[in-house]
Amino acid sequence: MNLTKENFWNKMMDENPHIMKIFCNWIDEYKKQVGWNDLFNSNSEYQNAKGKNAKAPKFHDLPLEMQLGIIERFKQEISNGKELADSQGKITIRKLEQWFYAMDLNVRNQKK
């Protein structure tokens, strides 16, 4: 399972725009809080093997485990009681899709 921009995040943006707007704003704030650029040396004089400054990765380019941990924090902060994992405790792309859909529905209903 991999959550790339192409195979997951673009679809979530198309299908669940309300919650994704909230998520995108939240992730921008999260990056500021944790010093995202400093974590990845992109604010330093560090030079990689090609002689270029390191560049902080986009969220969707992070390894799956890191993305899931950050999504879990997002879930906790907007806490709606919906679980990300299935009954066996596994997180699947389908379960994430369902979770984002349910959250988007909640946001839409709150706007009515």
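All values reported here derive from a predicted model rather than from experimental measurement.

Asks: Explain the packing of helix α2 (residues 17-34) against helix α5 (residues 93-111) to me, and be specific about the residues and the numbers.
Replies: It is the contact of α2 with α5, at a shortest axis distance of 7 Å, that shows an interaxial angle of 100°. In terms of orientation, α2 and α5 fall into the roughly perpendicular class. Of the residues in α5, those touching α2 at Pro17, His18, Ile19, Met20 and Ile22 are Phe100, Met103, Asp104, Val107, Arg108 and Lys111. Looking at the contact of α2 with α5 residue by residue, the classes come out as seven nonpolar, one polar and three charged.

Asks: Hey, could you go over the pattern of salt bridges for me, with residue numbers and the actual values?
Replies: Counted according to the given criterion, the structure contains five salt bridges. Close ionic contact of arginine 108 with aspartate 104 constitutes a salt bridge, the shortest N to O distance being 2.9 Å. Taken together, the positions of arginine 108 and aspartate 104, both in helix α5 and four residues apart, correspond to about one turn of that helix. Exposure remark for arginine 108: the relative accessible area of 30% places this residue in the partly exposed category.

Asks: An account of the packing of helix α4 (residues 64-78) against α5 is requested, with residue identities and associated values reported.
Replies: Helices that pack against each other are described as a pair by the angle of their axes relative to one another and the distance between those axes. Two elements in contact, α4 and α5, have axes whose closest approach is 13 Å; the angle formed by their N-to-C orientations is 30°. When the axes of α4 and α5 are compared, the pair comes out roughly parallel. By crossing handedness, the relation of α4 to α5 is classed as left-handed. Taken together, the residues of α5 that come into contact with α4 (itself represented by Leu68, Ile71, Phe74, Lys75 and Ile78) are Leu96, Trp99, Phe100 and Met103. Tallied by class, residues from the contact of α4 with α5 come to eight nonpolar, no polar and one charged.

Asks: Can you tell me about the nonpolar core, naming the residues and giving the values?
Replies: If you look at soluble globular proteins, the nonpolar side chains tend to sit buried side by side. Counting 24 residues, the largest nonpolar core has Leu3, Trp9, Phe23, Phe59, Ile70 and Phe100 as the members making the most contacts within it. For this core, the secondary-structure elements that each account for two or more residues are α1 (5-15), α2, α4 and α5. Counting residues per element, this core draws most heavily on α2, at six residues.

Asks: I'd like a rundown of α1, residues and numbers included.
Replies: Among all positions in α1, only Phe8, Trp9 and Met12 are buried. Projected down its long axis, α1 carries its buried residues within an arc of 80°, all on one side. Those residues of α1 that are exposed and aimed more than 90 degrees away from the buried face are Glu6 and Asp14. Along its buried surface, α1 packs onto α2, α4 and α5.

Asks: Describe the packing of aromatic side chains, listing the residues and the values that go with them.
Replies: Summed over all chains, the structure comprises 14 aromatic pairs. Ring centres of tryptophan 99 and phenylalanine 100 lie 5.0 Å apart, and the angle between their planes is 80°; this geometry places the pair in the edge-to-face category. In this structure, tryptophan 99 and phenylalanine 100 share a single accessibility class: buried. By way of ring pairs, the aromatic residues Phe8, Trp9, Phe23, Trp26, Tyr30, Trp36, Phe59, Phe74, Trp99 and Phe100 are connected into one cluster. A cation over a ring is seen here: lysine 31 above tryptophan 36, with NZ or CZ 5.0 Å from the ring centre.

About the criteria used
The residue numbers shown here count from 1 along each chain, following its written sequence. Where totals are concerned, whole chains, interfaces and linings use all residues; where local detail is concerned, this predicted model gives features only for residues with pLDDT of at least 70, and gives and counts side-chain atom pairs only at 80 or more. Side-chain calculation: all heavy atoms of the structure are included, whereas hydrogens and water are not. Interaxial angle, 0 to 180 degrees, is taken between N-to-C directions of lines fitted to C-alpha atoms, where a helix line uses only the stretch in contact. Numbering of helices and strands runs from the N terminus, with a helix taken as a DSSP run of H or I at least four residues long and a strand as a DSSP run of E at least two residues long. Just so you know how the angles are binned, under 35 degrees is roughly parallel, over 145 roughly antiparallel, 65 to 115 roughly perpendicular, and the rest oblique. For this analysis, residues touch if any pair of their heavy atoms sits within 4.5 Å. When residue character is reported, Ala, Val, Leu, Ile, Met, Phe, Trp, Tyr, Cys and Pro are called nonpolar, Asp, Glu, Lys and Arg charged, and the others, Gly included, polar. Basic side-chain nitrogens of Lys or Arg form a salt bridge, by our definition, when they fall within 4 Å of a carboxyl oxygen of Asp or Glu. Remark: exposure states derive from per-residue accessible area (1.4 Å probe, protein chains only) relative to the maximum for the residue type, with buried under 20%, exposed over 50%, and partly exposed in between. With the far helix as reference, a near helix turned anticlockwise by less than a right angle produces a left-handed crossing, and one turned clockwise produces a right-handed crossing. Here, nonpolar core means buried Ala, Val, Leu, Ile, Met, Phe, Trp, Tyr and Cys residues that are tied together by side-chain atoms lying within 4.5 Å of each other. The directions considered for the arc are those from the helix axis to the C-beta atoms. Side-chain rings of Phe, Tyr and Trp (the six-membered ring for Trp) are treated as a pair once their centres are within 6.5 Å; stacked means planes under 30 degrees apart, edge-to-face means over 60, and tilted covers the remaining angles. By the criterion adopted, a ring carries a charge over it if an Arg CZ or a Lys NZ lies within 6 Å of its centre and within 35 degrees of its normal.

In short, the description is geometric, and any link to function would need to be established separately.
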